[in-house]
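The chain contents come next:
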Amino acid sequence: MLLLLRQGKISKWFSGIGQEAISVGVTYALNDDDQILPMHRNLGVFTTRAVDLKKLFCQLMGKVGGFTKGRDRTFHFGLPEKYITGMISHLAAMLPVANGFAMAYQMRTEKRVSLAFIGDGATSEGDFHEALNLASVWKLPVIFMIENNGYGLSTPTSEQYACKNLVDRAKGYGIRGELIDGNDILSVIDSVQRAADHSRKGNGPTLIEAKTFRMRGHEEASGTKYVPQELFDEWVKQDPVLRFEKSLSTNKWFNEKFVTDIDIEIKNLVNPAIDFAVEANIPKSTELDELNDVFFIEEIDKKNPSKNLTSLRFVDAIKEGLSQKMEADESIILMGQDIAEYGGVFKISEGFVEKFGKSRVRNTPIIESGIIGAAMGLALEGYKPVVEMQFADFVSCGFNQIVNNLAKTYYRWNSPLNVTLRMPCGGELSAGPFHSQNPESWFFHVPGLKIVYPSTPADVKGLLISAIEDPNPVLFFEHKGLYRSLKGEVSTDLYNLPLGKANIVQSGFDATIITYGKAVHWAMDLVSRLGVSVEIIDLRTLMPWDRETVITSIQKTNRALVLHEANITGGIGAEIASIISEEAFEFLDAPIKRIASLDTPIPFASHIESNVYLPHKRFENALRELLKY
Ligand SMILES: Cc1ncc(C[n+]2csc(CCOP(=O)(O)OP(=O)(O)O)c2C)c(N)n1
């Protein structure tokens, strides 16, 4: 690899020289169908699991024939057939995912384990702590392997943490811990086998700290000036390959010829694979090819709502949809804070534990990132996890898992992730800046996420069922202000409604209001109060949003007002207004109006929230102006 780097045939390399015993020992110790989540120095995982070297070199060189169509680099890919799930750059992000795999094995009572690697530096990340805690509370069959190689990039461990050994943290989480010599492959194998046995017997996770040393720079370009020479001198004597060779030859299990033969065998394996990759083509693509791989496209059976109707509150329609879908599909697992016996803070899952059992309706510790990551692991095992954010505001603590893990996996290595995040959102409940937000635009910008935001009981039931059926990650926004204030006729059976299809709530001729969520009701109230002929479009899905319905309506009414509850700058309305101006400019008789909340945090005092922050007054004035223009 170092040679290829110098020849400019690969662009970046994180060497594992000095640490080989850990990657190889771990993989050797586990069964072939145990899941491994390697990091950037774990080439040995791929070689020990006999990953096709031609493909591997194509991947490393960004060529056709690699594992990501040239869309991601180095070990950033999953290989389900080898039970390897590769990393994203964000350190520690795969530890919660390892928990998700372990949950699947535990629920199916399989005697399998998952193992995630992590560097000493990355153990300071929140995901490390959330993952260890969850694994402990749920006694998951998972192993966390810390490779303590002395440095996190240029920063020595003395500046990374202040406990004696990182493995001491196992005590704090109430799990098994082992400190091992990471340069002794036999210690690694023994330790991992002990940990795996412990997990397979149902005793939960283990944290292993393997002491080792990074003999090269962080990555090859960054050098090693900051590492004292004495450390290299000391650790070179501990080289894991030489140590193993020495122990074998001392025992007379090994001789010079055997070493030479192995060297030749490896060269014969590696060199043709390199030649193959060097000759392979550079990936080419089109805009369409790229865009078509952002979401997994699957025909979902249409289930029309029946004529058997009942009047339900918004909250009860959610509950009914969720319950009916869980009855129909055992792969749905509900996870969230206080959602089990307590029924969730909004009581949506009240009675679900009795009906579906504790294994499918799970109270989680107070973690967002850790549980969204676990949902990803579950989804990779064929489950359909539905995660409730207690309030949509707290999704910020799970941001990385959503925008980097959930959103990008399908595009990178073609594994769809069926994860639904339920997000109770919205204001005018005098709940202040941290329990009132509408954070849909935080995610609107991120390719790979679907966003649904219904406004009626009938829609919320049918769209939630579709969100769960959709094989992609879906953020499902539920306005809390509608939960108990809005009632409507809802079909009693299990039905779904297409994602991406807007609803013309009422037709009109003089202007179009494009909106969604609770603001749909503001629009209906105002239009009815003013007695004007205005078309109201409820987008229902924000990603992908229904451009066609919007543009067709503007062509008819020639005036557009975009309305939402979230604050204005960078909101969904900005995108919609831009598309209208790009695609329907000639049909417009007036400038587009964009009405939304003020660009401030959401104030607690109801007077300020309703009369200043929210756009009620601005909306009325704007609609009057638009119609007069
Ligand atoms: C969340 C996050 N922050 C920062 C980085 C940049 N970064 C990449 S590797 C690295 C050092 C990692 O050190 P360690 O976890 O000890 O692993 P090692 O490289 O030593 O194997 C840093 C800071 C990153 N990839 N992800």
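Residues numbered from 1 in each chain as written. Predicted model: local features only at pLDDT ≥ 70, side-chain atom pairs only at ≥ 80, totals over all residues. Heavy atoms only, no water.

## Thoughts on helix α2 (residues 20-29)
Stage number 1. The element α2 is largely enclosed, with a buried count of seven among its 10 residues.
Stage number 2. What α2 keeps buried is the set Ala 21, Ile 22, Ser 23, Gly 25, Val 26, Thr 27 and Ala 29. (Buried < 20%, exposed > 50% of the residue type's maximum accessible area, 1.4 Å probe, protein only. Helix = DSSP H or I, 4+ residues; strand = E, 2+ residues; numbered from the N terminus.)

## Concerning the side chain of Glu 219
Stage number 1. Within the secondary structure, Glu 219 sits in the loop between β9 (206-211) and α9 (229-236).
Stage number 2. For the buried Glu 219, which has no salt bridge, the nearest side chain bearing the opposite charge is Lys 12, at an N-O separation of 4.3 Å.
Stage number 3. Beyond its immediate sequence surroundings of up to four residues, Glu 219 is in contact with Lys 12, Trp 13 and Phe 14. (Lys, Arg positive; Asp, Glu negative; His and termini not counted. Salt bridge = Lys/Arg side-chain N within 4 Å of Asp/Glu carboxyl O. Contact = heavy atoms within 4.5 Å.)

## Description of the packing of aromatic side chains
Stage number 1. For the structure shown, the criterion picks out 19 aromatic pairs.
Stage number 2. Judged by centre distance (5.6 Å) and plane angle (45°), the ring pair of Phe 399 and Phe 443 falls under tilted. Here Phe 399 is found in helix α16 (residues 399-406), whereas its partner Phe 443 is found in helix α18 (residues 440-444), with 44 residues between them in sequence.
Stage number 3. With a centroid separation of 6.3 Å and 50° between ring planes, the pair formed by Trp 442 and Phe 443 is classed as tilted.
Stage number 4. Geometry around Tyr 342 places Lys 347 over its ring, the cationic atom sitting 3.4 Å from the centre.
Stage number 5. Between Lys 450 and the ring centre of Phe 295, over which it is positioned, the NZ or CZ distance is 5.2 Å. (Phe/Tyr/Trp six-rings, centres within 6.5 Å; stacked < 30°, edge-to-face > 60°. Lys NZ or Arg CZ within 6 Å of the ring centre and 35° of its normal.)

## Quick look at the site of the ligand
Stage number 1. Taken together, 15 residues are adjacent to the ligand, and His 40, Arg 41, Ser 89, Gly 121 and Tyr 151 come closest.
Stage number 2. Take Ser 89: an N or O atom from its main chain is 2.9 Å from a nitrogen atom of the ligand.
Stage number 3. One of the side-chain nitrogen or oxygen atoms of Asp 120 is found 3.2 Å away from an oxygen atom of the ligand.
Stage number 4. Protein contact buries 72% of the 590 Å² of open area that the ligand shows by itself. (Near = heavy atom within 4 Å. Polar contact = N/O pair within 3.5 Å; in protein donor to acceptor, adjacent residues only side chain to side chain. Areas by Shrake-Rupley, 256 points an atom, 1.4 Å probe, with all protein chains shown as cover.)

## Considering the sheet that holds strand β18 (residues 503-506)
Stage number 1. Strand order in the open sheet made by the five strands is β18-β20-β19-β22-β23, with mixed pairing throughout. The open sheet is flanked by β18 and β23 (593-597), the only strands paired with a single partner. Pairs of neighbouring strands in the sheet enclose a mean axial angle of 25°, with direction left out of account.
Stage number 2. Pairing geometry for β18 and strand β20 (residues 534-538), over three bridges, is antiparallel. Following the sheet pairing, Ile 504 is matched in β20 by Ile 537.
Stage number 3. Running at roughly 175° to β23, helix α25 (residues 616-628) makes contact with β19 (511-515), β20, β22 (560-567) and β23 of the sheet. (Pairing = 2+ DSSP bridges. Axes fitted to C-alpha atoms, helices over the stretch in contact; angles between N-to-C directions.)

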